[in-house]
Amino acid sequence: MAVTSTYTVTGMTCGHCVHAVTTELTELPGVADVQVDLGTGAVTVTSAEPLSADAVRAAVDEAGYALADA
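Summarised in this report is the structure supplied together with it.

Cut-offs used in this document
- Residues numbered from 1 in each chain as written.
- Predicted model: local features only at pLDDT ≥ 70, side-chain atom pairs only at ≥ 80, totals over all residues.
- Heavy atoms only, no water.
- Buried < 20%, exposed > 50% of the residue type's maximum accessible area, 1.4 Å probe, protein only.
- Helix = DSSP H or I, 4+ residues; strand = E, 2+ residues; numbered from the N terminus.
- Pairing = 2+ DSSP bridges.
- Polar contact = N/O pair within 3.5 Å; in protein donor to acceptor, adjacent residues only side chain to side chain.
- Contact = heavy atoms within 4.5 Å.
- Axes fitted to C-alpha atoms, helices over the stretch in contact; angles between N-to-C directions.
- Parallel < 35°, antiparallel > 145°, perpendicular 65-115°, else oblique.
- Left-handed = near helix turned anticlockwise from the far one by under 90°.
- Nonpolar A, V, L, I, M, F, W, Y, C, P; charged D, E, K, R; others polar.
- Core = buried A, V, L, I, M, F, W, Y, C linked by side-chain atoms within 4.5 Å.

## Notes on the pairing of strand β3 (residues 42-47)
- Of the two faces of β3, only one is covered, namely that formed by Val43, Val45 and Ser47; the face formed by Ala42, Thr44 and Thr46 stays uncovered.
- Summarising the sheet, strand β1 (residues 3-10) and β3 pair through 6 bridges and their orientation is antiparallel. Its bridge partner lying in β3, Tyr7 is registered against Val43.
- As judged from the 6 bridges shared by strand β2 (residues 31-37) and β3, these two strands associate in the antiparallel manner.

## Considerations on the side chain of Ser47
- Of note, Ser47 is situated in strand β3.
- Of note is the side chain of Ser47, whose polar atom sits 2.7 Å from the backbone oxygen of Glu49.
- Once you skip the residues sitting within four places of it in the chain, Ser47 turns out to touch Met1, Ala2, Val3, Gly30, Val31 and Ala32.

## Quick word on the packing of helix α1 (residues 15-26) against helix α2 (residues 53-63)
- Between α1 and α2, the shortest axis-to-axis distance is 8 Å and the interhelical angle comes to 140°. Judged on the interaxial angle alone, α2 and α1 are oblique. For the pair α1 and α2, the sense of crossing is right-handed. Residue-level contacts link Ala20, Val21, Glu24 and Leu25 of α1 to Val56, Ala59, Val60, Glu62 and Ala63 of α2.
- Each residue belonging to the contact of α1 with α2 can be placed in one class, and the counts come to 7 nonpolar, no polar and 2 charged.

## Some words on the environment of Leu67
- One can find Leu67 in strand β4 (residues 66-67).
- On a C-alpha basis, the gap between Leu67 and Ser52 in space is 13 Å, while along the polypeptide they are 15 residues apart.
- Filtering out sequence-adjacent residues up to four positions away, Leu67 remains in contact with Tyr7, Thr8, Val9, Ala53, Val56, Arg57 and Val60.

## Quick word on the nonpolar core
- With 18 residues, the main nonpolar core has Val9, Val21, Leu25, Val43 and Tyr65 as its most contacted residues.
- Taken together, the elements giving at least two residues each to this core come down to β1, α1, β2, β3 and α2.

## Regarding the environment of Ala32
- Mapped onto the fold, Ala32 is located in strand β2.
- For Ala32, a relative accessible area of 66% translates into the label exposed.
- Residues Ala32 and Ala2, 30 residues apart in the sequence, show an inter-C-alpha distance of 8.6 Å.
- Ignoring anything within four residues of it in the chain, the contact list for Ala32 reads Thr46 and Ser47.

This is the structure:
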């Protein structure tokens, strides 16, 4: 059963930003889909298992952006 989680990423301003974040998150084990809403910074990740917040934060950091604290 797939798990869908939504995060807020700060600092994205263009299509390149969206691509960078999508690429890094897609590389996490079990991730099946990543959808980014540039206007709101909302990033919805669908994965086979729940992802650890640390793994998501590290992927977003690697892309050069920040995961907003909930």
